[in-house]
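So you can see what is in the structure, the chains are spelled out below.
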Amino acid sequence: MIISTVGSHSALQILHGAKEEGFKTRVYVIKGREDLYKRYPVADEIHILENYDEMLEISDEDTILIPHGTLIATLGERVVDIPLKIFGNRQGMIWEMKRELNLDLLEKANIRTPRSFYPADIDTLCIVKFPGAKGGAGYFLCSTPKEYQQKSQDLIAQEKVSANDVENAQIQEYIVGVTMYPHYFYSPLHDKVEMLGIDRRYETNVDALGRLSMENTSIDSTYTVVGNQPLVVRESLLPKILEYGDNLRAMSLKLFSPGLIGPYCLELALTPDEIIAFEFTSRIVAGTTLYVQGSPYSKMLYGEDMSMAKRIAREIKFAIDTNRLEEVLS
Ligand code: AMP
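Small disclaimer: the values here were computed from a predicted structure and weren't measured.

(A) Region of the structure containing helix α5 (residues 99–108). Residues of α5 that are buried include every one of R99, N102, L103, L105 and L106, and no others. Seen from one end, α5 has its buried residues packed into an arc of 155°, which puts them on one side. Phi turns positive, to about 65°, at N110, one or two residues after α5.

(B) Structural detail: the site of the ligand. The environment of the ligand is made up of 15 residues, and the closest members are Y139, Y181, E203, E267 and E279. The side chain of Y139 places a nitrogen or oxygen atom 2.4 Å from an oxygen atom of the ligand. Within the side chain of Q172, an N or O atom sits 3.0 Å from a nitrogen atom of the ligand. Across the complex, the protein chains shield 96% of the 470 Å² of accessible surface that the ligand would expose by itself. In terms of residue class, the shell around the ligand is built from eight nonpolar, one polar and six charged. In terms of domain composition, the shell around the ligand takes at least three residues from each of domain 2 (97–113 + 176–327) and domain 3 (119–173).

(C) Quick look at the pattern of salt bridges. On inspection of all chains with the given rule, the structure shows 28 salt bridges. Of the charged contacts in the structure, one is a salt bridge between E21 and K317, with a shortest N-O distance of 3.3 Å. On the criterion of sequence distance, the pair formed by E21 in the loop between α1 (11–20) and β2 (24–30) and K317 in helix α10 (residues 308–321) is long-range, its members being 296 residues apart. Residue E21 is classed as buried on the basis of its relative accessible area of 8%. For K317, a relative accessible area of 32% corresponds to the partly exposed category. Across the salt bridge formed by R112 and E274, the nearest N and O atoms sit 2.7 Å from each other. Of this pair, R112 sits in the loop between α5 and β6 (116–117) while E274 is found in the loop between β13 (262–270) and β14 (275–281), placing the two residues 162 residues apart along the sequence. The exposure class of E274 is partly exposed, given its relative accessible area of 33%. Through salt bridges with shared partners, a single network forms among E21, E304, K310, R314 and K317.

(D) Seen up close, the pairing of β2. Counted residue by residue, β2 has six buried out of seven residues, so it is predominantly covered. Here strand β1 (residues 2–6) pairs with β2 via five bridges, running parallel. Among the inter-strand pairings, I2 is bridged to a residue of β2, identified as K24. Since β1 and β2 lie parallel, the crossover through α1 that links them has a hand, and here it is right-handed. Pairing of β2 with strand β3 (residues 45–49) involves five bridges; the strand directions are parallel. Of the residues in β3, the one forming a bridge with R26 is E45.

(E) Inspection of empty space enclosed by the protein at higher detail. All chains considered together, the criterion is met by three cavities of 30 Å³ or more. Each pocket or cavity is described by its volume, and for the largest cavity that value is around 70 Å³. Forming the boundary of the largest cavity are I66, P67, F87, G88, N89, M93, I261, P263, S282, R283, I284 and I312. Across the lining of the largest cavity, the residue classes break down as eight nonpolar, three polar and one charged. When residues are assigned to domains, the lining of the largest cavity turns out to be shared by domain 1 (2–87) and domain 2 (97–113 + 176–327), each giving three or more.

(F) Structural detail: unusual backbone geometry. The peptide bond linking T204 to N205 adopts the cis configuration, its omega dihedral lying at 0°. Backbone geometry places E159, a non-glycine residue, at a positive phi of 55°. Here E159 is to be found in the loop between α6 (145–157) and α7 (163–167). A relative accessible area of 71% means that E159 is categorised as exposed. At D191, a position not held by glycine, the phi torsion is positive, near 45°. Take D191: it is sitting in the loop between β10 (178–187) and β11 (192–205).

Calculation criteria
- Residues numbered from 1 in each chain as written.
- Predicted model: local features only at pLDDT ≥ 70, side-chain atom pairs only at ≥ 80, totals over all residues.
- Heavy atoms only, no water.
- Buried < 20%, exposed > 50% of the residue type's maximum accessible area, 1.4 Å probe, protein only.
- Helix = DSSP H or I, 4+ residues; strand = E, 2+ residues; numbered from the N terminus.
- Arc of directions from axis to C-beta.
- Near = heavy atom within 4 Å.
- Polar contact = N/O pair within 3.5 Å; in protein donor to acceptor, adjacent residues only side chain to side chain.
- Areas by Shrake-Rupley, 256 points an atom, 1.4 Å probe, with all protein chains shown as cover.
- Nonpolar A, V, L, I, M, F, W, Y, C, P; charged D, E, K, R; others polar.
- Domains from an automatic or database assignment.
- Salt bridge = Lys/Arg side-chain N within 4 Å of Asp/Glu carboxyl O.
- Pairing = 2+ DSSP bridges.
- Right-handed = clockwise from strand over helix to strand, strands pointing away.
- 1 Å grid on protein atoms, 1.4 Å probe; cavity = no way out; pocket = protein on both sides within 12 Å on 5 of 7 lines; lining within 4 Å.
- Points joined across faces, edges and corners; volume = space filled by probe spheres on them.

Given below as structure tokens:
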């Protein structure tokens, strides 16, 4: 069996982890970007794509595809039509990308979420988010309906977003808290949720604003991810973070059986009083690449270097050995 992924996002880690578990690997990469996968020798095979739509044409019974954010951002809902076998439940990606479904799952899972607004009702500091996993690009803050209209019309005029994007935008209460992103893994073969690590995203320019004096802070903030930093949390916060991960998996089983399988993530903001989730992701997040050599949490679980990618490959290996592959694929 070959483990494959698309060349971007967390591909280096995914392929490296698969090789560590003894799999042959393949990367599907857009023409012109293959050099990266030659310089880091993690892919046994490099398959060149002219565009991401070609992923809708490739079929190969001996290959498992590990999905990530780039597939969702580029193919949108067509991601479920990929002919290759996908590790995890492909329905999860639909629940992730449709913002109303994303929030619905969080709320039904008893996870505290930010308040949502219609444009005319905005009465507090809000963040406006556009459809798809675009890494926070184009998001803006506003505090009144008028400011919302002005900023969204400006973005349309600059062709940064479409009128359709604005119509489907999500307007959420802005949580002033410490953001963090715990990485969970649900093993259907062991019926267990594991929390393997936590990262913080480093986003431009919002994470650079703290370096300016107050006089300069009228600059509009943006939320484009440029990298990730490691984090451990106060131990007293862990039970709630684990409970949220368990709840999310349990409710996903009810809403889109067999529910979330393999890696998933919660996007949290911690205030002095609450742990609030503003989104979930249904697949590996790029911040897991911090832990190619394992995180403090995965080390305590496994006593060995266990990256998210290695954990995925180990589940696939166990599934093959026990004839249960269909339980981890869709
Ligand atoms: P998302 O597309 O939901 O992953 O959001 C991208 C980034 O925007 C996050 O990593 C946060 O920095 C920020 N963000 C999103 N939603 C909120 C919120 N409700 N409150 C505060 N920050 C947020």
